[in-house]
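Structure at a glance
Take a look at the letters that make up each chain.
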Amino acid sequence: MKSYLAAAIQMTSVPDLHQNLAQAEELIDLAVRRGAELVGLPENFSFMGEEKDKLNQAEAIATESEQFLKKMAQRFQVTILGGSFPVPVDNTGKVHNTTVLIDPSGEELARYHKVHLFDVNVPDGNTYRESSTVVAGKQLPPVYFSENLGNIGLSVCYDVRFPELYRHLSDKGVDVIFVPAAFTAFTGKDHWQVLLQARAIENTAYVIAPAQTGNNYSRRLTHGHAVIIDPWGVILADAGEQPGIAIAEINPSRLDQVRRQMPSLQHRVFS
Ligand SMILES: O=C(O)CNC(=O)[C@H](CS)NC(=O)CCC(=O)C(=O)O
C-alpha cells in the first residue's frame, strides 16, 4: 500500500438522471485535478426522487450509472466507488440499493447490496420506508484487497448504525471503509459525524464518507458534510454544506502508527 489522495464527493442529486451524471462528472474532474486516485460518489448519486419515479426509471438508472462509472474510471484513470444506485431485482418489482467499486481499466472490483434499510419515521415529519422499493442485501459487504490502495471495505448510509458490519470488515483486514450516504438533515446534525468517527476509531481504519447535501426533492433535505476521517478519528477533510469534495491523504504509515498507539483490535475479548 502506498500514500495517496482520496476524495469524497458531495452533491445534490435530484430527480433527473442526466443532470446528476453531469454534476458527478464535474466533481470527479475536480477531484482528479486535485490529485485524487480514489474517488467516492454518494448514495443514490444518479437519482434522488420519489420512490415511484425511482422504480419506474430503475432500469435506465442502473444501466447508465454503471456505464458512467466505467467511463469515468477509464477516462480519468482512477478507482471509483459508485456510492449507490438502484438495480432492479428480477420478479420483485423492487431494486437493490447497490454500490460498486470500479478500477481504472473499467473493471468491476466489488459490489454490495445495502443490507440495512431505512424504515424510520424521522421526528421532522418525514417518513422513510426504503423497504417498500428496495430488497435488502443478504450478504455481508466485501473487502477488496488492493496492492496500491489498501484493503477497501464497502457499506452504505444507514449501515453506519450497525457496528457489527464494520467489525466484519475489520476482521477481513480493512484499511479504508467507504460509507456513501444520503443522511437526513435531521438525523445528520446529531449522529452523522459521531457515528463515522466511532467506526474509524473502533476499527482503526480510514473512513471515506461521500454525501448528499441540500434540498434533493420535495421536502427531502440531506445533511452534507462529506468527510474523510483518519484511523485516530480525526476529521481530515469536510466538504461543508455545498456541493464539492473532501480530499485527504490515505497514508499506510499513519495506519501503522495508530494501530501501534491504540492496539484495541488486539485486545478483543468477545470475538
Ligand atoms: O431520502 C431519500 O430519498 C434518499 N434516501 C436514501 O437514499 C437512503 C435510504 S431512504 N437514506 C438513508 O439511508 C438515510 C439514513 C439516515 O439518515 C440515518 O441513519 O439517520
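Here is what the cut-offs are and how they apply
Residues numbered from 1 in each chain as written. Predicted model: local features only at pLDDT ≥ 70, side-chain atom pairs only at ≥ 80, totals over all residues. Heavy atoms only, no water. UniProt positions renumbered as here; feature names shortened; annotations may be inferred. Helix = DSSP H or I, 4+ residues; strand = E, 2+ residues; numbered from the N terminus. Buried < 20%, exposed > 50% of the residue type's maximum accessible area, 1.4 Å probe, protein only. Polar contact = N/O pair within 3.5 Å; in protein donor to acceptor, adjacent residues only side chain to side chain. Contact = heavy atoms within 4.5 Å.

Going by an unreviewed UniProt entry, the chain carries the name Carbon-nitrogen hydrolase family protein and comes from Dendronalium phyllosphericum CENA369. Taken verbatim from the UniProt record of the chain, the Sequence similarities (unreviewed entry) comment is "Belongs to the carbon-nitrogen hydrolase superfamily. NIT1/NIT2 family."

**A few points about the environment of phenylalanine 270**
Structurally, phenylalanine 270 can be placed in the segment after α6 (252-261). For phenylalanine 270, a relative accessible area of 81% gives the class exposed. Between the C-alpha atoms of phenylalanine 270 and histidine 18, which are 252 residues apart in sequence, the distance is 48 Å.

**Description of the side chain of asparagine 126**
Topologically, asparagine 126 is positioned in the loop between β6 (119-121) and β7 (127-129). Looking at asparagine 126, its side chain comes within polar contact range of the main-chain oxygen of arginine 219, at 3.4 Å. If we skip the residues at most four places from it in the chain, asparagine 126 touches Val120, Asn121, Arg219 and Arg220.

**Here we look at the UniProt feature "domain: CN hydrolase" (unreviewed entry) in the chain**
As recorded in UniProt, the sites labelled "domain: CN hydrolase" (unreviewed entry) are residues 4-252. Secondary structure across residues 4-252 comprises 28% helix and 34% strand; the distance between its end C-alpha atoms is 9 Å.

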